[in-house]
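So you can see what is in the structure, the chains are spelled out below.
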There are 2 protein chains.
Amino acid sequence: MGVTKSNLFTKEVNQIAQLCKAMGHPARIAIIQELLIQKSCICNDLVIALPLSQPTISQHLKALKDTGIIQGEIEGASMCYCIAPKALIAIQTYFNQLVNQLNAIDTSCC
Amino acid sequence: MGVTKSNLFTKEVNQIAQLCKAMGHPARIAIIQELLIQKSCICNDLVIALPLSQPTISQHLKALKDTGIIQGEIEGASMCYCIAPKALIAIQTYFNQLVNQLNAIDTSCC
DNA sequence: TTAATTTATCGTAATATTGCAATATAATTA
DNA sequence: TAATTATATTGCAATATTACGATAAATTAA
């Protein structure tokens with residue numbers, strides 16, 4: 001079928017899955033790294049920095065924006081993108097909780 | 001084209017992207033949650049617990065196993081799956097570092 | 001041995017993703 | 001105004017993912 005059956009899972013499970021999915025591409029990880037390094041987060045800087053075409057970068061930026069991981073603001077003829085911490089903190093919190101729970105249980109069953 | 005150009009990015013970027021991608025599906029998040037809750041991690045328990053067919057679960061388990069997030073051991077006619085902490089700790093570490101760096105910079109440019 | 005149970009794999013259909021050329025849109029500069 | 005610059009969108013081809021029925025393989029139970 002090819003379509004994820006999101007309706008069969010809880011909101012929380014879907015939310016974390018969606019965030020992980022958005023981070024699940026090297027170009028998008030690289031974009032986040034660039035946004036961390038550069039203080040100026042002009043779209044064109046990313047197009048120059050990354051080895052992909054402008055439309056492809058634009059598409060990845062949209063994917064990150066749609067999940068709330070980054071936000072953009074018009075800056076004259078350019079776009080200024082930056083990280084919106086909330087979403088990344090949500091992922092951080094999820095994995096911190098996961099690893100804490102892991103430490104509490106016996107994982108040596110296999 | 002439909003094929004991710006992994007060769008254009010660093011090993012580290014590809015590794016974290018791959019791990020995030022593996023966690024980027026609600027069924028796979030749900031599997032991890034079940035493996036945390038249940039001490040017994042018999043495959044069939046997952047098939048019963050999750051609202052997807054047995055072949056689909058098996059496919060998702062393979063995806064998690066291929067990225068090192070879980071491991072499996074033959075238990076008679078069954079398979080015992082459990083979480084392999086190393087990979088999840090790698091994700092945790094990545095997002096902790098990310099959020100730490102975020103706290104250190106001024107993200108108010110947008 | 002036969003039947004039942006458990007899991008993996010194959011095959012396939014439907015859909016999603018990736019990437020880019022071409023083009024549209026909007027702001028800036030000459 | 002015309003040319004340039006910056007970004008988004010469209011359209012499309014190639015590939016990947018998701019889901020499941022059918023089936024294979026291997027163990028266990030009757």
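This text follows the structure it describes.
The shown structure was predicted, so the numbers you read here are calculated from the model rather than taken from an experiment.

> Which parts of the structure should I look at to understand the interface of chain B and chain A?
One widely used convention gives an interface's size as the accessible area the parts lose upon coming together. With 48 residues of chain B at the contact, the number on the chain A side is 48 residues. With both chains or domains summed, chain B and chain A bury close to 4,200 Å², and 77% of this area falls on carbon and sulfur atoms. Inspection of the chain B/chain A interface yields six residue pairs in polar contact (both at pLDDT 80 or more). Tallying contributions element by element places helix α5 (residues 85-104) of chain B first for the side of chain B that touches chain A, with twelve residues. Tallied by class, residues from the side of chain B that touches chain A come to 34 nonpolar, ten polar and four charged.

> Help me understand the nonpolar core, please; the structure alone is not making it clear to me.
One recurring pattern in soluble globular proteins: nonpolar side chains tend to sit buried together. Judged by nonpolar contacts, the single largest core of 75 residues is most densely connected at M23 of chain A together with M23 of chain B. For M23 of chain A, the residues in contact, after removing those within four places along its chain, are I29, I32, L64, I69, L88 and I91 of chain A together with A17, C20, Y94, F95 and L98 of chain B.

> Before we go on, may I ask you to explain the pattern of salt bridges in this structure?
Two side chains that carry opposite charge are able to pair once their charged atoms sit near each other. Residue and element names in this part refer to chain A. A full pass over the atoms with the stated rule returns two salt bridges over all chains. Between K62 and D66 there is a salt bridge, with the nearest N and O atoms lying 3.2 Å from each other. Of this pair, K62 and D66 both sit in helix α4 (residues 54-66), four residues apart, roughly one helical turn.

> Is there a simple way to explain the environment of S53 of chain A in this structure?
On the secondary structure map, S53 of chain A appears in the loop between α3 (43-49) and α4. A polar contact of 2.9 Å, which involves the side chain of S53 of chain A, links it to the side chain of T56 of chain A.

Reading guide: rules and limits
- Sequence order as written defines the numbering, with residues in each chain counted from 1.
- Each chain takes a letter, starting from A, and each ligand takes a number, starting from 1, following the order in which they are written.
- Whole-chain, interface and lining totals are the exception, using all residues; otherwise, since this is a predicted model, local features are given only for residues with pLDDT of at least 70 and side-chain atom pairs are given and counted only at 80 or more.
- Only hydrogens and water are set aside; all other atoms, that is, all heavy atoms of the structure, feed into the side-chain values.
- Residue contacts follow a heavy-atom distance rule, with two residues in contact if any of their heavy atoms lie within 4.5 Å.
- Two parts placed together each lose some accessible area; with a 1.4 Å probe, that loss summed over both constitutes the buried area.
- We call two N or O atoms a polar contact when they sit within 3.5 Å, provided that within protein one can donate a hydrogen and the other can accept it, with sequence-adjacent residues counted only if both atoms are side-chain atoms.
- For the purposes of this entry, the term helix denotes a DSSP run of H or I that reaches at least four residues, the term strand denotes a run of E that reaches at least two, and both are numbered from the N terminus.
- Nonpolar residues are Ala, Val, Leu, Ile, Met, Phe, Trp, Tyr, Cys and Pro. Charged residues are Asp, Glu, Lys and Arg, and all others, Gly as well, are polar.
- Joining through side-chain atoms within 4.5 Å is the link that ties buried Ala, Val, Leu, Ile, Met, Phe, Trp, Tyr and Cys residues into a set, and such a set is a nonpolar core.
- Classification of residues uses two cut-offs on accessible area relative to the type maximum, computed with a 1.4 Å probe and protein chains only: under 20% is buried, over 50% is exposed, and between them is partly exposed.
- Each salt bridge in this description consists of a side-chain nitrogen of Lys or Arg and a carboxyl oxygen of Asp or Glu lying within 4 Å of one another.

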